[in-house]
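Observations on the model geometry
Residues per chain are reported as follows:
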Amino acid sequence: MSNKLNIVLFGPPGAGKGTQSEFLIKHFGLVHLSTGDLLRAEIQANSPLGQQAQSLMSEGLLVPDEIVIGMISNKLDANNSAKGFIFDGFPRTKAQAEALDRLLDGRGEEITAMLALEVPTAELVKRLLGRGATSGRPDDKDETVIRKRIGEYEAKTAPLKDYYTAQGKYTGIDGVGGIDEITARLVKAIG
Ligand code: AMP
């Protein structure tokens, strides 16, 4: 199909998707698309979309599919000449995964690989509470909200493993260890 590199960086909240994206975008020259970052920017700007998303995000619940799909569609259009994308925190539901496949197909592209960072729940909670002390993210401060986000991931997002496995695109990556060590595992998997 196309020679663009489109990576879905997958994993529960706190798995290290944002941290690892920073290196991968530089190394492979990709555009980083994080729906969480895009939503937080909308909240910061106090836009109607931000206002709609804010209470759901503060409760640790997913925002509606059509909101995040629309945001991703706009960003794909705005970055037509990109070498490829890292999708971070998107897709999070089957409807989002199907929409992403359709959007990419319309551009003559496809997902190259889905790399899933695997981290035990106890470690996720520890990392997120640690991040909450400095990130300023309200959803990182409260353990109940953190556990709700992990619950949403398990119920709605984790099943995407099957979706990408069926396409032969799923690769699990051990997400525990030093940052550089995990980066090396990802780079090796991208090949
Ligand atoms: P993140 O920065 O990826 O941890 O996302 C923070 C919050 O933004 C999530 O807990 C959701 O409320 C919302 N969010 C981010 N991405 C999505 C998505 N793809 N679908 C639905 N909600 C999302």
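Below you will find a few notes about this structure. Fair warning: this is a prediction, and the values are worked out from it, not measured in the lab.

A separate point is the pairing of strand β4 (residues 113-118). Counting buried residues in β4 gives five out of six residues, a clear majority hidden from the surface. When strand β1 (residues 5-10) meets β4, the two strands line up parallel, connected through four bridges. Its bridge partner lying in β4, L9 is registered against L115. Here β4 runs beside strand β5 (residues 170-174); their pairing, made up of five bridges, is parallel. Residue L115 lies in a different strand from β5, and its bridge partner there is T171.

Now for the site of the ligand. Lining the immediate surroundings of the ligand are 16 residues, of which T35, R40, L61, R92 and Q96 lie closest. At 3.1 Å, a backbone N or O of V63 approaches a nitrogen atom of the ligand. When the ligand is considered free in solution it has 480 Å² of accessible area, and contact with the protein chains removes 96% of it. A molecule is said to occupy a pocket when more than half its atoms come within 2 Å of that pocket's grid points, and by this definition the ligand occupies the largest pocket. The greatest single-element share of the shell around the ligand, amounting to four residues, is contributed by helix α2 (residues 35-44).

The strands making up a sheet associate through backbone hydrogen bonding, with each pair oriented either parallel or antiparallel. Taking strand neighbours across the sheet as the criterion, the five strands line up as β2-β3-β1-β4-β5 in an open arrangement whose pairing is parallel. Only two strands of the sheet have a single partner each, and these edge strands are β2 (31-34) and β5. On average, each strand axis in the sheet is tilted by 20° relative to the strand beside it, whichever way the strands run.

About the cut-offs
Residues numbered from 1 in each chain as written. Predicted model: local features only at pLDDT ≥ 70, side-chain atom pairs only at ≥ 80, totals over all residues. Heavy atoms only, no water. Buried < 20%, exposed > 50% of the residue type's maximum accessible area, 1.4 Å probe, protein only. Helix = DSSP H or I, 4+ residues; strand = E, 2+ residues; numbered from the N terminus. Pairing = 2+ DSSP bridges. Near = heavy atom within 4 Å. Polar contact = N/O pair within 3.5 Å; in protein donor to acceptor, adjacent residues only side chain to side chain. Areas by Shrake-Rupley, 256 points an atom, 1.4 Å probe, with all protein chains shown as cover. 1 Å grid on protein atoms, 1.4 Å probe; cavity = no way out; pocket = protein on both sides within 12 Å on 5 of 7 lines; lining within 4 Å. Sits in = over half its atoms within 2 Å of the grid points. Axes fitted to C-alpha atoms, helices over the stretch in contact; angles between N-to-C directions.

Interpretation note: all reported values are geometric properties and have no functional meaning in isolation.
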